Amino acid sequence: MKVAADVAAEAPAPVEVLPARAPRAAGLRRAAFRWLVLAVLLLLWEAATRAAGSAFFPAPSAIVVRMREMWFSGPPQRLFLTDVAVRNILPSLGRMAAGFAGGALAGVVLGLAVGLSARVYDYLDGVLQFLRAVPPPALVTVFLVVFGFGLRMQLAFIVFSIVWPVLLNTADGARSVEPLHLQTCQVFRLSRAERLWRVILPSALPKMFAGLRLALSLSLIVMVFSELLPGTTNGIGFQLTEAYSMFDLTAMWAGIVLLGVLGYLLNELFLVAERRVLAWHRAAQEPVG
Amino acid sequence: MSASALAPARPAGTTTRWSRRAAGALAFAALIELVSRTGLADREFLPPATEIAARMGTLALDPAFRAHALTSLLAWAAGLGLATAAAVPLGLLLGSVPVVDAATRSVVEFLRPIPSVALIPLVALVIGTGLQLRISLVVYAALWPILYNTMYGLRGVDPLAKESLRSYGFGPLPVLLRVSLPSAAPFISTGVRLAAGVALILTVSTEIVAGRGEGVGVFIYFAGLAVPARMTDILAGVCWVGLFGVAVNALLVAFERRAFRWHHARLEERT
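Values in this document were obtained by computation on a predicted structure and should not be read as measured data.

Conventions used here
Residues numbered from 1 in each chain as written. Chains lettered and ligands numbered in written order. Predicted model: local features only at pLDDT ≥ 70, side-chain atom pairs only at ≥ 80, totals over all residues. Heavy atoms only, no water. Helix = DSSP H or I, 4+ residues; strand = E, 2+ residues; numbered from the N terminus. Buried < 20%, exposed > 50% of the residue type's maximum accessible area, 1.4 Å probe, protein only. Contact = heavy atoms within 4.5 Å. Areas by Shrake-Rupley, 256 points an atom, 1.4 Å probe, with all protein chains shown as cover. Buried area = accessible area lost by both parts, 1.4 Å probe. Salt bridge = Lys/Arg side-chain N within 4 Å of Asp/Glu carboxyl O. Polar contact = N/O pair within 3.5 Å; in protein donor to acceptor, adjacent residues only side chain to side chain. pLDDT = per-residue confidence, 0-100. Patch = residues over 30% accessible without salt bridge, like charges linked within 9 Å, V, L, I, M, F, W, Y side chains within 5 Å. UniProt positions renumbered as here; feature names shortened; annotations may be inferred. Phe/Tyr/Trp six-rings, centres within 6.5 Å; stacked < 30°, edge-to-face > 60°. Lys NZ or Arg CZ within 6 Å of the ring centre and 35° of its normal. Core = buried A, V, L, I, M, F, W, Y, C linked by side-chain atoms within 4.5 Å.

1. Here's the deal with the overall build of chain A
For step 1, the next point in the chain: When you go through chain A residue by residue, the secondary structure sums to 12 helices and 0 strands.
For step 2, the next point in the chain: In sequence order, the secondary structure elements of chain A are arranged as α-α-α-α-α-α-α-α-α-α-α-α.
For step 3, the next point in the chain: Considering chain A as a whole, with its 289 residues, one finds that 47% of them fall into the buried category.
For step 4, the next point in the chain: Considering only residue pairs separated by 6 or more positions, chain A has 69% of its internal contacts joining residues 24 or more positions apart.
For step 5, the next point in the chain: Of the accessible surface of chain A, which amounts to about 14,300 Å², a share of 69% is contributed by carbon and sulfur atoms.

Structure follows, in structure tokens:
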């Protein structure tokens, strides 16, 4: 079971520094402290950039103003999104969502299929480890040659990049079902489908989610990467390269901040979903007493 | 049939597993060969496996490609090394002093989700497109897994061990170095292994986007720009990068097994 331990260790649970049941007042105080520190640091950043006056490092206030006028000063009925935002942010998110959904689905299905048999897993292990080890950006050229520039190439690239971590983690989760549970299944004469649905899938879920979390941040990275290449016509990455060629550093910073915020929000959303789905698992893991 | 497919997995012996892995890899290569030679896939898009392997061989002997590989390797290693040197002390500090952690947490939470490839254009403008560009981006990206794993590892330290050392009159630093660091070491090393993969991604990404000078990414990118595209070159380059990734990972796993035998033993007990 060494391999199982490895993959588990590769995706540590999200680090939560707050103890699970901190008293409310202490928690609030800590949150207030954090926001205060953040505010102070932002002020420091503002002061430092204004004092330096470097073209490379615009003040945070300038970045925020720029973000607002570039993307969020549109009409209210369109949720304040401007044309630029509709043209660039939405396609990026759409591509990422479609690529993530496709890659995650394929990874889970294939991972379950591979993980169900120790023999199949052994045969495919080497090839899969190799495919996972290839850095996705190295493959972008392959997809460019096959599909040419455009949406198809970007989607295929994102799907292909994220399918491996999901597949390997799911397979590993499916493999590490407690033998006792499977024997119990046999005793109760559960059908194949029941066994898969009620025993194997639930016990693979925690590792599956670890793989999906890796895939989520990876999909953001490869989405931006695919848009940085020449030949793209829209997207957040495209806007970054455009700002690069026009030497517009404030717009570039704005793009980076936007991507950071998006990454943060997506991760939070994912954690909420994970907590829901894995509520029973967390409860089972909680130490007694 | 249903019983055998879903029966409890009985782990095969190491030799069996290795021979199965090799057989699987050979079958995969044979499949590519077949698909390409029968014309099922366009040969221009998927050259036969034997041709890719042969090209890998000639590339290994080609001084120009070796220079590319050496440059990439240098950026990768320097970035990973610097990231480790910075992230471990930082992680120890953040993980053992709650006030510092609380103060920096919001900053870390906002910096970490920034996809590092988005920084390529900005850093290229600020410091130029030389080797420093690659190294600084690799450092940025590789920092997070190591930092997080160090902090994560520190939280699992046995409080009793710390308390008993403290009660013998040891100060905070000796406790950190004698108890916390060894106990967190397996996690740190897992973080470094993860970071090694991330560093490889960033090295190649930067080379492809900045597309100048030497590097395996540059080689792959220009092979794709050629008309017609040199697919055999691309795939041979990709395979070298992938093999490098597998080798580094295997080396680090082997190191972890030897150095932290006690840790793995504990994990195995649990499963």
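2. Quick look at the interface of chain A and chain B
One frequent convention defines the size of an interface as the accessible area lost when the parts assemble.
For step 1, the next point in the chain: The partner chain B presents 71 residues to the 68 residues of chain A that form the contact.
For step 2, the next point in the chain: Interface area for chain A against chain B, summed over the two sides, is near 6,600 Å², with a carbon-plus-sulfur share of 75%.
For step 3, the next point in the chain: Counting across the chain A and chain B interface gives 3 salt bridges.
For step 4, the next point in the chain: Between D122 of chain A and R20 of chain B there is a salt bridge; the shortest N-O distance is 3.3 Å.
For step 5, the next point in the chain: Joining chain A to chain B, the criterion identifies 2 residue pairs in polar contact (both at pLDDT 80 or more).
For step 6, the next point in the chain: Elements that contribute at least two residues to the side of chain A that touches chain B include exactly α1 (2–10), α2 (24–52), α5 (118–133), α6 (136–147), α8 (179–187), α9 (192–228), α10 (236–245) and α11 (249–277) of chain A.

3. Focus on the confidence of the model for chain A
For step 1, the next point in the chain: When pLDDT is averaged across chain A, the result is 84; 89% of the residues are at 70 or more.
For step 2, the next point in the chain: Contacts of residues 1–18 of chain A to residues separated by more than four positions or lying in other chains number 45 contacts, the stretch itself having pLDDT below 50.

4. Here's the deal with a nonpolar patch on the surface
For step 1, the next point in the chain: A surface patch of nonpolar side chains, about 380 Å² in accessible area, is lined by F33 of chain A together with L90, L93, V97 and V99 of chain B.
For step 2, the next point in the chain: Within the element layout of this structure, V97 of chain B appears in the loop between α4 (63–96) and α5 (98–111).

5. Here we look at the UniProt feature "domain: ABC transmembrane type-1" (unreviewed entry) in chain A
For step 1, the next point in the chain: As annotated in UniProt, the feature "domain: ABC transmembrane type-1" (unreviewed entry) corresponds to residues 89–270 of chain A in the numbering used here.
For step 2, the next point in the chain: In residues 89–270 of chain A, helix accounts for 87% and strand for 0%; the two terminal C-alpha atoms are 20 Å from one another.

6. A word on the environment of S36 of chain B
All names here are of chain B.
For step 1, the next point in the chain: Inspection of the secondary structure assignment puts S36 in helix α2 (residues 14–37).
For step 2, the next point in the chain: Distance from S36 to A49, taken between C-alpha atoms, is 8.3 Å for residues 13 residues apart in sequence.
For step 3, the next point in the chain: There is a polar contact of 2.7 Å between the side chain of S36 and the backbone oxygen of L46.

7. Quick look at the confidence of the model for chain B
Residues and elements named next belong to chain B.
For step 1, the next point in the chain: When pLDDT is averaged across chain B, the result is 87; 93% of the residues are at 70 or more.
For step 2, the next point in the chain: Every residue in residues 1–9 is under pLDDT 50, and counting partners more than four places away or in other chains gives 16 contacts.
For step 3, the next point in the chain: Confidence drops under a pLDDT of 50 for residues 267–271, and excluding neighbours within four residues, the segment shows 3 contacts in the predicted structure.
For step 4, the next point in the chain: For this predicted complex, the interface confidence score (ipTM) comes to 0.85, while the overall pTM stands at 0.86.

8. Details of the pattern of salt bridges
For step 1, the next point in the chain: Considering all chains together, one arrives at 17 salt bridges over all chains under this definition.
For step 2, the next point in the chain: The partner of D248 of chain A in a salt bridge is R66 of chain A, and the shortest N-O contact between them spans 2.8 Å. Taken together, the positions of D248 of chain A in the loop between α10 and α11 and R66 of chain A in helix α3 (residues 60–71) put the pair 182 residues apart, joining distant regions of the chain. Neither D248 of chain A nor R66 of chain A differs from the other in exposure class; each is buried.
For step 3, the next point in the chain: Where salt bridges share partners, they join D122 of chain A together with R17 and R20 of chain B into one cluster.

9. Description of the packing of aromatic side chains
For step 1, the next point in the chain: Scanning the model with the defined rule gives 17 aromatic pairs over all chains in all.
For step 2, the next point in the chain: With a centroid separation of 5.8 Å and an interplanar angle of 55 degrees, the aromatic rings of F209 of chain A and F270 of chain A are classed as tilted. With F209 of chain A in helix α9 and F270 of chain A in helix α11, this pair connects stretches of sequence that are 61 residues apart.
For step 3, the next point in the chain: Classification of F209 of chain A by relative accessible area gives buried; the value is 9%.
For step 4, the next point in the chain: Classification of F270 of chain A as buried rests on a relative accessible area of 10%.
For step 5, the next point in the chain: Considering the side-chain rings of Y221 of chain B and F222 of chain B, the 5.9 Å spacing of their centres and the 65 degrees angle between planes classify their relative orientation as edge-to-face.
For step 6, the next point in the chain: Accessibility expressed as a relative area gives 41% for F222 of chain B, which makes it partly exposed.
For step 7, the next point in the chain: Taking the ring centre of W18 of chain B as reference, the NZ or CZ of R21 of chain B above it sits at 4.5 Å.
For step 8, the next point in the chain: Here the guanidinium or amino end of R112 of chain B rests over the ring plane of Y148 of chain B, the centre of that ring lying 4.5 Å away.

10. Some thoughts on the environment of W280 of chain A
For step 1, the next point in the chain: Within the element layout of this structure, W280 of chain A appears in helix α12 (residues 279–285).
For step 2, the next point in the chain: Setting aside residues no more than four positions away along its own chain, W280 of chain A makes contact with P202 and L205 of chain A.

11. Some details on the nonpolar core
For step 1, the next point in the chain: One finds W71 of chain A together with I234 of chain B to be the most contacted residues of the largest nonpolar core, which totals 142 residues.
For step 2, the next point in the chain: Ranked by residue count, the leading element in this core is α9 of chain A, at 18 residues.
For step 3, the next point in the chain: Ignoring sequence-local partners within four residues, the contact set of I234 of chain B consists of T141, V142 and V145 of chain A together with I220, A223 and G224 of chain B.

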